[in-house]
Amino acid sequence: MDRNEVVLVGRLPEAVRIRSLQSGSTLGSWRVIVRRQQRGRGTRVDTIPCVSFEPEVTVVVAEWLPDDMVEVVGSLRRRWWGSEESKSSGYEVEVRSVRRLERRVTTVLAADEEGPAPIPVPPRPVRSLTHAETGPAETGMAGEDRALTAVDLEPPHAAGGNSPAPVLRRVEVPSLR
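All values reported here derive from a predicted model rather than from experimental measurement.

> Quick question: what am I supposed to make of the overall build of the protein here?
What the protein contains, in helices and strands, is 1 helix and 10 strands. Ordered by position from the N terminus, the helices and strands of the protein form the series β-β-β-β-α-β-β-β-β-β-β. Looking at the protein as a whole, 29% of its 177 residues qualify as buried. A separation of at least 24 residues holds for 53% of the contacts in the protein among residues at least 6 apart in sequence.

Laid out in structure tokens, this is it:
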């Protein structure tokens, strides 16, 4: 039996790019830097391009920041581009599920700012889940099967309040059954 499944855990080097396509769907694209097993001196890394057409995935990755530690699950795809005379190709991971594992907080002060040095904040793990529950699908209002998916935990400051409790956002996605 053939199997094409990729699981990557690594660091996000730059902001995610979200584009709206003519079809009305969205495309999220980003890169993940993954360290290799160390051999000899220095650390070697691979920078792996990732894309997703899944709306629930693009909603989550749009909130990712550079240096976030993330996990992506998907399939390896080969894409072609260019004219008939000069075709080029490349591989990327087409992502179907994502998680942010850790957010590294970085404080940047402008040169003209004065005051006490900022207190460093250690990174904290963030729990998120974007794959459908494995239980039976629920039936939506129109009688269609839907699976419920938990997508991300928002930090309290993003919810607009001072409450220390995070806000869980819940998104419905069509069932693939």
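Additional details are given in the paragraphs that follow.
> In this structure, what is going on with the nonpolar core? I would like to understand it.
One recurring pattern in soluble globular proteins: nonpolar side chains tend to sit buried together. Ranked by size, the top nonpolar core spans 17 residues in total, and within it Trp 30, Cys 50, Trp 64, Val 72, Val 95 and Val 98 carry the most contacts. Listing elements by their share of this core, those giving two or more residues are strand 1 (6-11), strand 3 (26-35), helix 1 (55-61), strand 5 (69-81) and strand 6 (88-103). Excluding its chain neighbours within four sequence positions, the residues that come into contact with Trp 64 are Leu 12, Val 16, Trp 30, Val 70, Val 72, Val 98, Arg 99, Arg 100 and Arg 103.

> How do you make sense of the pairing of strand 4 (residues 45-52) when you look at a structure like this?
Consecutive side chains of a regular strand alternate in pointing toward one face of the sheet and then the other. With 8 bridges joining them, strand 3 and strand 4 adopt antiparallel strand pairing. Paired with Gly 28 across the strands is Ser 52, a residue of strand 4. Here 2 bridges tie strand 4 to strand 6, and the two strands are oriented parallel to one another. Bridged to Cys 50 within strand 6 is Val 93.

> Would you mind showing me how to read unusual backbone geometry here?
Leave glycine aside and you will find that most residues have negative phi; peptide bonds, for their part, are mostly trans. Phi at Asp 67 is positive, roughly 80°, even though this residue is not glycine. Following the sequence through the fold, Asp 67 ends up in the loop between helix 1 and strand 5. Classification of Asp 67 as partly exposed rests on a relative accessible area of 26%.

> Is there a simple way to explain the side chain of Arg 103 in this structure?
Checked against the element boundaries, Arg 103 lands in strand 6. Polar contacts involving the side chain of Arg 103 include one to the main-chain carbonyl oxygen of Glu 63, which spans 2.9 Å.

Cut-offs and rules
Residues numbered from 1 in each chain as written. Predicted model: local features only at pLDDT ≥ 70, side-chain atom pairs only at ≥ 80, totals over all residues. Heavy atoms only, no water. Helix = DSSP H or I, 4+ residues; strand = E, 2+ residues; numbered from the N terminus. Buried < 20%, exposed > 50% of the residue type's maximum accessible area, 1.4 Å probe, protein only. Contact = heavy atoms within 4.5 Å. Core = buried A, V, L, I, M, F, W, Y, C linked by side-chain atoms within 4.5 Å. Pairing = 2+ DSSP bridges. Polar contact = N/O pair within 3.5 Å; in protein donor to acceptor, adjacent residues only side chain to side chain.

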